[in-house]
Amino acid sequence: MIAANGLPVDDIHAVTAFWFSLFIAIVLLSGLMWTDVWGSMAKSVVDATETGSPVGDQPWEKHAFTESTVPTKEVADVPWAAENLPVPDSGAGGTAPISIEQVMQIAESKNVHPGYTIAFPEDKTGVYTVYLDPADVYPNRPNPSTQQTLHIDQYDGQILADLGWKDYGIMGKIISLGIAFHQGEFGIINQMFNLLLVLALIVIPLSGLMMWKKRKPNGTLGAPKLPRNFKLLKGVALIVIALGIFFPLVGISLLVVFWIG
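For the structure given in this document, a descriptive report is provided here. Here the structure is a predicted model, which means the values were calculated and not measured.

Regarding the pairing of strand β6 (residues 159-164)
Across a regular strand the side chains alternate sides, sitting on one face of the sheet and then on the other.
Alright, step 1. With five of its six residues buried, β6 lies for the most part within the structure.
Alright, step 2. Relative to β6, strand β5 (residues 148-153) runs antiparallel, the two sharing five bridges. The residue of β6 that forms the bridge with Leu150 is Asp162.
Alright, step 3. Connecting β5 to the next strand, β6, in antiparallel fashion are five residues, including Gly157 with a positive phi near 75 degrees.

This is the structure in structure tokens:
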């Protein structure tokens, strides 16, 4: 079977998969950061190894301030690496919150890139949360390295936490860059390349379907026979099991297919 452009379907399938597979894997893995199961597990590993953001005695670090048990992601849609940063408590030294103009002055004094968002305190011990996620800035989207999250005491304006790119651990930076690539934050070239990846994801299975129709015997499904090399079969089975554990929902889907089959 020959495609409309004269190239065999086999070549279209193989060449497309070969050249785009690595980038497709990067996009898929970066997208998994938003999933409940895999994303939560990955976040737990990053936090446990302290490779997302460091832990020590600086203002944005653990045990440096009186903190609540609430992660920052519960009060604001902050960048990925700051999601589990504990929200500090505002002190009891004041009776009236500072003005929004004062919060903006504090953010500017810390060189937070324009386009940031301010989340207001939710109660008497809450804080102002100032954060910049480059994905939320349009059309002049800044570089991913401009990510920043501030927690500010609502009464005296003290900066209780300041987490920026320089404070991210190695995995925090890698995953943040992967997310930025996933969302096309590196400009028009990134977005056009992502479009090519989408087209590749259409071409690969479609060409595979055409190859199957080309080869399958008439009147049968054309499923492959049991291989003679059982060592190879065991290796493939181990890979499938590992992927099922690594991606739990995929594993559940495979069990359903096996049960139905």
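Regarding the side chain of Thr129
Alright, step 1. Following the sequence through the fold, Thr129 ends up in strand β4 (residues 127-132).
Alright, step 2. Thr129 sits in the buried class, given a relative accessible area of 1%.
Alright, step 3. Looking at Thr129, its side chain comes within polar contact range of the side chain of His151, at 2.9 Å.
Alright, step 4. If we ignore the near neighbours within four places in the chain, the residues touching Thr129 are Thr72, Val75, Ala76, Val78, Thr117, Ile118, Ala119, Thr149, Leu150 and His151.

Observations concerning the packing of helix α1 (residues 9-31) against helix α4 (residues 170-182)
Alright, step 1. Relative orientation of the contacting elements α1 and α4 amounts to 110 degrees, with a least axis distance of 8 Å. As summarised for this structure, α1 and α4 are arranged roughly perpendicular, according to the angle between their axes. Facing α1, whose interface residues are Phe23, Ile26, Val27, Ser30 and Gly31, α4 presents Gly178, Ile179, Phe181 and His182.
Alright, step 2. In terms of residue class, the contact of α1 with α4 is built from five nonpolar, four polar and no charged.

Regarding helix α3 (residues 100-109)
Alright, step 1. By the burial criterion, the buried members of α3 are Val103, Ile106 and Ala107. Buried residues of α3 fall within an arc of 100 degrees about the axis and therefore sit on the same side. Set apart from the buried face of α3 by more than 90 degrees, the exposed residues are Gln105, Glu108 and Ser109.
Alright, step 2. Buried positions along α3 lie against β3 (117-119), β4, β5 and β6.
Alright, step 3. Looking one or two residues past α3, Asn111 carries a phi angle of roughly 60 degrees, positive in sign.

Quick notes on the rules
- Residues numbered from 1 in each chain as written.
- Predicted model: local features only at pLDDT ≥ 70, side-chain atom pairs only at ≥ 80, totals over all residues.
- Heavy atoms only, no water.
- Buried < 20%, exposed > 50% of the residue type's maximum accessible area, 1.4 Å probe, protein only.
- Helix = DSSP H or I, 4+ residues; strand = E, 2+ residues; numbered from the N terminus.
- Pairing = 2+ DSSP bridges.
- Polar contact = N/O pair within 3.5 Å; in protein donor to acceptor, adjacent residues only side chain to side chain.
- Contact = heavy atoms within 4.5 Å.
- Axes fitted to C-alpha atoms, helices over the stretch in contact; angles between N-to-C directions.
- Parallel < 35°, antiparallel > 145°, perpendicular 65-115°, else oblique.
- Nonpolar A, V, L, I, M, F, W, Y, C, P; charged D, E, K, R; others polar.
- Arc of directions from axis to C-beta.

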